[in-house]
Amino acid sequence: MHFLVVALPTGAQLPSAAKELTGGAKRLASSSAGTVSVAILGRGVAEASREAVAFGADRVYVVDDDALSNYDAESYLMALVAVVGESGASVVLFAADAFTSEIAPRLAHRLGSGAVTGCAGIHLSREGQLSFTCSVYGGKAMAEIAVRGLPQVATVAAGTLEALAPDYSREVAVKWIGLPAGAEARGPKVLELRKEEAEGARLEDAKVVVAGGRGLSEAGNFSYLEELARVVGGAVAASRPAVDAGWVPPRMQVGQTGKTVSPDLYIAVAISGASQHLAGMNRSKHIVVINKDPDAPFFKVAELGAVADYKKVVPLLTEKLKTLRS
């Protein structure tokens, strides 16, 4: 079985999600005498091939082209079709995000195969059959899904797999793939790209996430969470109601229709804990809940909870942590 991990770096650094996928694919491949390749796509991303090798890739394919400078689904699709054809991959893995939720199904359709999105697990049977675990019914149940046809395409939630320890002494083949002619002339074009600057740790990579919900009442009250996150070196997140209310940008949303996170510590402040939100953070190692409603569903999954007004608890917690850290 030949796995192909698709990495979309922004420079020389391989995204942490791609490292996780490479490590997980490597473990699965080792049990089936398979191999793992990494496809690196973008502009000015060739240096990321070194990290791909260090984190377990048996072969690396690089598509570095001006047409991939900005988001352009058609250009990326044509590049991926070329890489899949060159590599002979039987399984193509993407890290689940807003970009790959569009690209993966389109790639599968173009290759005449099927796609599974937002996987929370990958399993290989003794008979060599691959299946994907996905949450269904708003996270209330898990389903095992198999893909008919090859190559199998899947997007995998962050934290599902585990990266290997890097070995920078490894050396493997790196092959350059040219973007097919005419790729930049097809499909819609990006006219302008505006980048939103985010402070603090990247939500998907943060070891501590402090999340707020509808119970915060207004946008200004996220300052309580921002201060706590600064003290612990974490990131601030939000539930969908807080995003829908316009209090914070969509990039901060965690849940079934937002981002999936798996931090060491998840602190939920004034969030009821609907199944849709839990689906985006249920892989957190430790969960702390602060909510004045003792019947909030979040308390059922919390390791530690405080039934109290967050305006009283969060400042006290922040000051105590400041003291401990000093």
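Above: the structure in question.
Residues numbered from 1 in each chain as written. Predicted model: local features only at pLDDT ≥ 70, side-chain atom pairs only at ≥ 80, totals over all residues. Heavy atoms only, no water.

## Regarding the overall build of the protein
For step 1, the next point in the chain: On a plain count of helices and strands, the protein comes out with eight helices and 15 strands.
For step 2, the next point in the chain: In summary, the protein has a C-alpha radius of gyration of 21 Å against a globular reference of 20 Å for 326 residues, a match within 12%.
For step 3, the next point in the chain: With the principal axes as the frame, the protein shows a C-alpha extent of 60 × 45 × 40 Å.
For step 4, the next point in the chain: The contacts in the protein between residues at least 6 apart in sequence include a share of 63% that link residues at least 24 apart.
For step 5, the next point in the chain: In the form shown here, the protein has an accessible surface area of approximately 16,100 Å², with 51% of it arising from carbon and sulfur atoms.
For step 6, the next point in the chain: The averaged location of the 34 negative side-chain charges in the protein is 3 Å from the averaged location of its 33 positive side-chain charges. (Helix = DSSP H or I, 4+ residues; strand = E, 2+ residues; numbered from the N terminus. Rg over C-alpha atoms; globule rule 2.2 N^0.38 Å. Contact = heavy atoms within 4.5 Å. Areas by Shrake-Rupley, 256 points an atom, 1.4 Å probe, with all protein chains shown as cover. Lys, Arg positive; Asp, Glu negative; His and termini not counted. Charge placed at Lys NZ, Arg CZ, Asp CG, Glu CD.)

## Details of the pattern of salt bridges
When their charged atoms lie close together, side chains carrying opposite charge are able to pair.
For step 1, the next point in the chain: Under the defined criterion, the tally for this structure stands at 15 salt bridges.
For step 2, the next point in the chain: For R230, the salt bridge is made with E227, and the minimal N-O distance between the two is 2.8 Å. One end of the pair is R230 and the other is E227, both in helix 5 (residues 222-232) and three residues apart, which spans about a single turn.
For step 3, the next point in the chain: Taking the relative accessible area as the measure of exposure, R230 reaches 56% and is therefore exposed.
For step 4, the next point in the chain: The salt bridge involving R240 is made with D244; its shortest N-O contact spans 3.3 Å. Here R240 and its partner D244 are both found in helix 6 (residues 240-244), four residues apart, which amounts to about one turn of the helix. (Salt bridge = Lys/Arg side-chain N within 4 Å of Asp/Glu carboxyl O. Buried < 20%, exposed > 50% of the residue type's maximum accessible area, 1.4 Å probe, protein only.)

## Here's the deal with the pairing of strand 12 (residues 235-238)
For step 1, the next point in the chain: Taking every second residue as pointing to the same face, both faces of strand 12 are buried, with A235 and A237 on one and V236 and A238 on the other.
For step 2, the next point in the chain: Relative to strand 12, strand 11 (residues 208-212) is paired through four bridges, and the arrangement is parallel. Note on strand 12: the bridge partner recorded for A211 is A237. (Pairing = 2+ DSSP bridges.)

## Examining the sheet that holds strand 12
For step 1, the next point in the chain: With parallel pairing, the five strands of this open sheet are ordered in space as 12-11-13-14-15. A strand with exactly one partner marks an edge of an open sheet, and here the two such strands are strand 12 and strand 15 (304-306). With direction set aside, neighbouring strand axes in the sheet form an average angle of 20°.
For step 2, the next point in the chain: Of the strand pairs in this sheet, strand 14 (residues 286-290) and strand 15 are connected by three bridges, and their pairing is parallel. Residue pairing across strands places V288 opposite L304, the latter belonging to strand 15. (Axes fitted to C-alpha atoms, helices over the stretch in contact; angles between N-to-C directions.)

## Some remarks on helix 3 (residues 73-87)
For step 1, the next point in the chain: An ideal rise of 1.5 Å per residue puts 21 Å on 15 residues; helix 3 measures up with 21 Å between its terminal C-alpha atoms.
For step 2, the next point in the chain: Within helix 3, 11 of the 15 residues are buried, which leaves the element mostly enclosed by the surrounding structure.
For step 3, the next point in the chain: For helix 3, the set of buried residues is A73, E74, S75, Y76, L77, M78, A79, L80, V83, V84 and S87.
For step 4, the next point in the chain: Of the surrounding secondary structure, the elements contacted by the buried residues of helix 3 are strand 1 (2-7), strand 2 (35-42), strand 3 (59-64), strand 4 (91-95) and helix 4 (100-110).
For step 5, the next point in the chain: A positive backbone phi angle near 70° is found at G88, which sits one or two residues after helix 3. (Expected span 1.5 Å × (residues − 1).)

## Points about the packing of aromatic side chains
For step 1, the next point in the chain: Within this structure, the stated rule accounts for three aromatic pairs.
For step 2, the next point in the chain: Between Y76 and F99, the aromatic rings sit 5.1 Å apart at their centres with planes inclined by 75°, giving edge-to-face as the arrangement. Highlighted residues: Y76 in helix 3 and F99 in the loop between strand 4 and helix 4, separated in sequence by 23 residues. (Phe/Tyr/Trp six-rings, centres within 6.5 Å; stacked < 30°, edge-to-face > 60°.)

## Notes on the sheet that holds strand 5 (residues 115-119)
For step 1, the next point in the chain: Pairing within the open sheet is parallel, and its seven strands lie in the order 5-9-4-1-2-3-10. Of all strands in the sheet, those bounded by a partner on one side alone are strand 5 and strand 10 (173-176). Going across the sheet, the axis of each strand differs from the next one's by a mean of 20°, ignoring polarity.
For step 2, the next point in the chain: Bridge analysis of strand 2 against strand 3 gives six bridges, and the strand direction is parallel. Counterpart to I40 in the pairing with strand 3 is V62.
For step 3, the next point in the chain: Helix 1 (residues 16-30) rests against strand 1, strand 2, strand 4 and strand 9 (152-156) of the sheet, and its axis sits at about 175° to strand 1.

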